[in-house]
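Structural description and commentary
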Amino acid sequence: MGGKHVEPYTEEWLRQPALYVSRVVEALGAEAADWWEGPCDPRTVTVLLSGGDALVWDEESGWRRGRYVSGDRDACTVLADARYLGGGLLLRPERVPSAIADARAGVGNSTAWRPCYRSYRHYRDGFDGALSGYPAYVDA
């Protein structure tokens, strides 16, 4: 079930990933040390994990985990030894901790190859509707 249409590049559109990622951070608990929204095109979010690792989500390839090298709100996050968690763009928040464990072990759906589920340029492909509807879906 999709949510409402939000015009690209509005403040609401730019903030859409934060609602989803806040659920992931909640599922990670104490393992999540900090998080921020990164630069746009594609929209990204970084979650610093305890122990020097980080998760990066982007709207084209989903989640990847690796050793945090650099990055902040204004600069793309750089990871060393990154592995993509798999499971699509909106991996269920409660699934992320076990997907991280799989990526660390090099098993499961994790891969070093970058998947490309969509292009950030495709504004009317249904993804933004799914992203905006995600918080209501989780609460249902």
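Structural data are supplied above this passage.
Residues numbered from 1 in each chain as written. Predicted model: local features only at pLDDT ≥ 70, side-chain atom pairs only at ≥ 80, totals over all residues. Heavy atoms only, no water.

Looking at the state of the cysteines
Test applied: What counts as a disulfide here is a pair of cysteine sulfur atoms lying within 2.5 Å. Summary of the burial criterion: residues with accessible area below 20% of their type's maximum are buried, those above 50% are exposed, and those between are partly exposed, where the area comes from a 1.4 Å probe applied to protein chains only.
The tally for this structure, following the rule as stated, stands at zero disulfides. Not part of a disulfide, Cys40 finds its nearest cysteine sulfur in Cys76, a span of 10 Å. Relative accessible area serves as the criterion here: at 32%, Cys40 is assigned to the partly exposed category.

Structural notes on unusual backbone geometry
Threshold: Put simply, DSSP marks the helices as runs of H or I at least four residues long and the strands as runs of E at least two long, and each gets a number from the N terminus on.
Across the junction of Asp41 and Pro42, the peptide omega takes the value 0 degrees, indicating a cis bond. Of note, Pro42 is situated in the loop between β1 (32-37) and β2 (44-49). Despite not being glycine, Tyr9 shows a phi value in the positive range, around 70 degrees. Its location among the elements puts Tyr9 in the segment before α1 (11-28). The exposure class assigned to Tyr9 is partly exposed, which follows from its relative accessible area of 37%.

Let's talk about the side chain of Ser61
Put simply, the rule reads: Whenever two N or O atoms come within 3.5 Å, that pair is a polar contact, provided that in protein one can donate a hydrogen and the other can accept it, and provided that, for residues adjacent in sequence, both atoms are side-chain atoms. Note on contacts: a residue pair is in contact if any heavy atoms of the two residues lie within 4.5 Å.
Relative to the helices and strands, Ser61 is located in the loop between β3 (53-58) and β4 (62-72). In terms of polar contacts, Ser61 uses its side chain to reach the side chain of Asp58, at 2.7 Å. In contact with Ser61, other than residues within four places in its own chain, are Tyr84, Leu89, Arg114, Pro115 and Tyr117.

Examining the packing of α1 against helix α2 (residues 96-105)
Cut-off, in case you're wondering: All axes here are fitted lines through C-alpha atoms, helices being fitted over the stretch that makes contact, and every angle between N-to-C directions spans 0 to 180 degrees. The labels follow the angle: roughly parallel below 35 degrees, roughly antiparallel above 145, roughly perpendicular from 65 to 115, and oblique for the rest.
Closest axis-to-axis distance for the α1/α2 pair is 9 Å, and the angle between their directions is 70 degrees. On the basis of their axis angle, the class for α1 and α2 is roughly perpendicular. Where α1 approaches α2, its residues Val24, Ala27 and Leu28 are matched on the opposing element by Val96, Pro97 and Ile100.

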